[in-house]
Amino acid sequence: MIVAAVMMMACTQVNETSQNGAEQLLSRLQALQQKGYMFGHQDDPFYGLQWDGDTMPGVDRSDILSIVGDYPAVMGFDLGGIEMGDEKNLDSVSFARIRAEIIKHHQRGGIITISWHPRNPVTGGNAWDVSDTTVVRQILQNDSTKALFATWMARVGDFLSTLKTDDGVPVPIIFRPWHENNGSWFWWGQKLCSDEEFHGLWNTLQDYLTGEGLDNLLWSYSPNLDGGWTKERFLARYPGNDRVALIGEDAYQWGTEEDFVSALNADLTFLSDFAKENGKMIAMTECGYKNIPDSTWWTRVLKPVMDKYPISYFHTWRNYSKEYFAPDPDQPSAADFKKLYDAQNTLFLKDIIN
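Not measured: the values here are computed from a predicted model.

Calculation rules
- Residues numbered from 1 in each chain as written.
- Predicted model: local features only at pLDDT ≥ 70, side-chain atom pairs only at ≥ 80, totals over all residues.
- Heavy atoms only, no water.
- Helix = DSSP H or I, 4+ residues; strand = E, 2+ residues; numbered from the N terminus.
- Rg over C-alpha atoms; globule rule 2.2 N^0.38 Å.
- Contact = heavy atoms within 4.5 Å.
- Areas by Shrake-Rupley, 256 points an atom, 1.4 Å probe, with all protein chains shown as cover.
- Lys, Arg positive; Asp, Glu negative; His and termini not counted.
- Charge placed at Lys NZ, Arg CZ, Asp CG, Glu CD.
- Core = buried A, V, L, I, M, F, W, Y, C linked by side-chain atoms within 4.5 Å.
- Buried < 20%, exposed > 50% of the residue type's maximum accessible area, 1.4 Å probe, protein only.
- 1 Å grid on protein atoms, 1.4 Å probe; cavity = no way out; pocket = protein on both sides within 12 Å on 5 of 7 lines; lining within 4 Å.
- Points joined across faces, edges and corners; volume = space filled by probe spheres on them.
- Nonpolar A, V, L, I, M, F, W, Y, C, P; charged D, E, K, R; others polar.
- Polar contact = N/O pair within 3.5 Å; in protein donor to acceptor, adjacent residues only side chain to side chain.
- pLDDT = per-residue confidence, 0-100.
- Phe/Tyr/Trp six-rings, centres within 6.5 Å; stacked < 30°, edge-to-face > 60°.
- Lys NZ or Arg CZ within 6 Å of the ring centre and 35° of its normal.

**Concerning the overall build of the protein chain**
Per the secondary structure count, the protein chain includes 12 helices and 9 strands. Scaling as 2.2 N^0.38, a compact globule of 354 residues should have a C-alpha radius of gyration of about 20 Å, and the protein chain matches this with 20 Å. Referenced to the eigenvectors of the C-alpha coordinate spread, the extents of the protein chain come out at roughly 60 × 55 × 45 Å. Long-range pairs, those at least 24 residues apart, make up 77% of the contacts in the protein chain with a sequence separation of at least 6. By element, 51% of the accessible surface of the protein chain is carried by carbon and sulfur atoms, the whole surface being about 15,000 Å². The protein chain carries 30 positive and 48 negative side-chain charges, and their two centres are separated by 2 Å.

**Topic: the nonpolar core**
Considering soluble globular proteins, one finds that nonpolar side chains tend to be buried as a cluster. In terms of nonpolar packing, the biggest core is built from 103 residues, with M38, W178, M284 and F314 touching the most fellow members. The leading source of residues in this core is helix α9 (residues 257-278), at 8 residues. Contact partners of W178, with chain neighbours within four places excluded, come to W116, P118, F149, W187, W188, F198, L201, W202 and L205.

**Quick look at the layout of surface pockets**
Considering only enclosed or pocket space, the largest pocket measures out at about 490 Å³ in volume. Here the residues of the lining of the largest pocket sort into 11 nonpolar, 6 polar and 8 charged. Taken together, 21 residues make up the lining of the second largest pocket; nearest its centre are A22, L217, L218, W219 and A245. Elements supplying a minimum of two residues to the lining of the second largest pocket: α2 (21-32), α7 (195-211) and β5 (217-221). Here the residues of the lining of the second largest pocket sort into 9 nonpolar, 6 polar and 6 charged.

**Considerations on the side chain of E83**
Tracing the sequence through the fold places E83 in the loop between β2 (74-78) and α4 (95-108). A distance of 2.9 Å separates the side chain of E83 from the side chain of W116, its partner in a polar contact. Other than its neighbours up to four places away in sequence, E83 contacts W116, H117, P118, R119, W152 and R155.

**Some points on the confidence of the model for the protein chain**
When pLDDT is averaged along the protein chain, the result is 94, and 94% of the positions lie at 70 or above. Within the model, pLDDT remains below 50 along residues 1-16, and this stretch shows 1 contact once partners closer than five positions in the same chain are excluded.

**Structural notes on the packing of aromatic side chains**
Under the counting rule described, the total for this entry stands at 36 aromatic pairs. On the numbers, 5.1 Å between centres and 85 degrees between planes, the contact of W187 with W188 is edge-to-face. For the pair shown, W187 and W188 are each scored as buried. Pairing F234 with F270 gives two aromatic rings, centres 5.3 Å apart and planes at 65 degrees, and the pair type is edge-to-face. Of the two residues, F234 sits in helix α8 (residues 231-237) while F270 sits in helix α9, which places them 36 residues apart along the sequence. Here F234 matches F270 in class, with each residue buried. A cation over an aromatic ring shows up here: R108 above the ring of Y71, its NZ or CZ 3.9 Å from the ring centre.

Shown next as structure tokens:
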């Protein structure tokens, strides 16, 4: 019996060590899902409603930490601007700082998600420049645009390859490019490229980064809140089960509470069924209510919906003085957010490292 136990332990260790970074992260997400769903926050350590981290070098600060005494389980970061060789990203945070905070949160035991809002390679505008409807087609077919985009991908890959611990172990990353593609506000959106072109764009980036040996990337497909998914329409742009591990959805309340709850229930019902059929996980990869005008929104509106579905995490967008999606201690919804934190099935950093 002792020999059998030793052999079983050895097999478990071999299985764990044989997994690459993405597989290890997926296994961790699956285990954590048994406890509840994680809270995430974009750009959490960089700035908040009333502070800017650039003015306080070496000081760890977070609006979430200041409310509940804990960090988000998930922290999100964006690479927009890396493709241009810029020193800072589109939100004016240096890539050196982004790298440092990614590694720091990983070493705390937290989970990292990365998005990318690349500039428009045809017009030179930002990611929201939809003045040219041929951008994706040109990336795939025009030699000069194709070459430019190859340089952009190389810069993304070069940055991602630097995300390692001191002993050289790559940080596992939830990577979610080309998000909200069912909308038409980004140059890769629904009305800006065909389904075939979108697949070509996805595959081009994924094949390049995979070919560079970045097996620490857990790929997330993250369309926007739809409210009426059919399987046929969802599958039209879905990259495929061999290319996606996590299916996300960006779900903000922009209109009435009733419309938001109705759309979110419809989408999460569809995504839960689809994920179960296809062996995938789901998450609310972006969410929130701009400037949170409802002081009870967290536990009265959002949480009752999330409680019904097997989501891995919900990720609120960033905080700064003019536009924010999570509270600070002085924001009216802070007390309700504390209730959200205290709930048994909402997971923050301390919950996922204990």
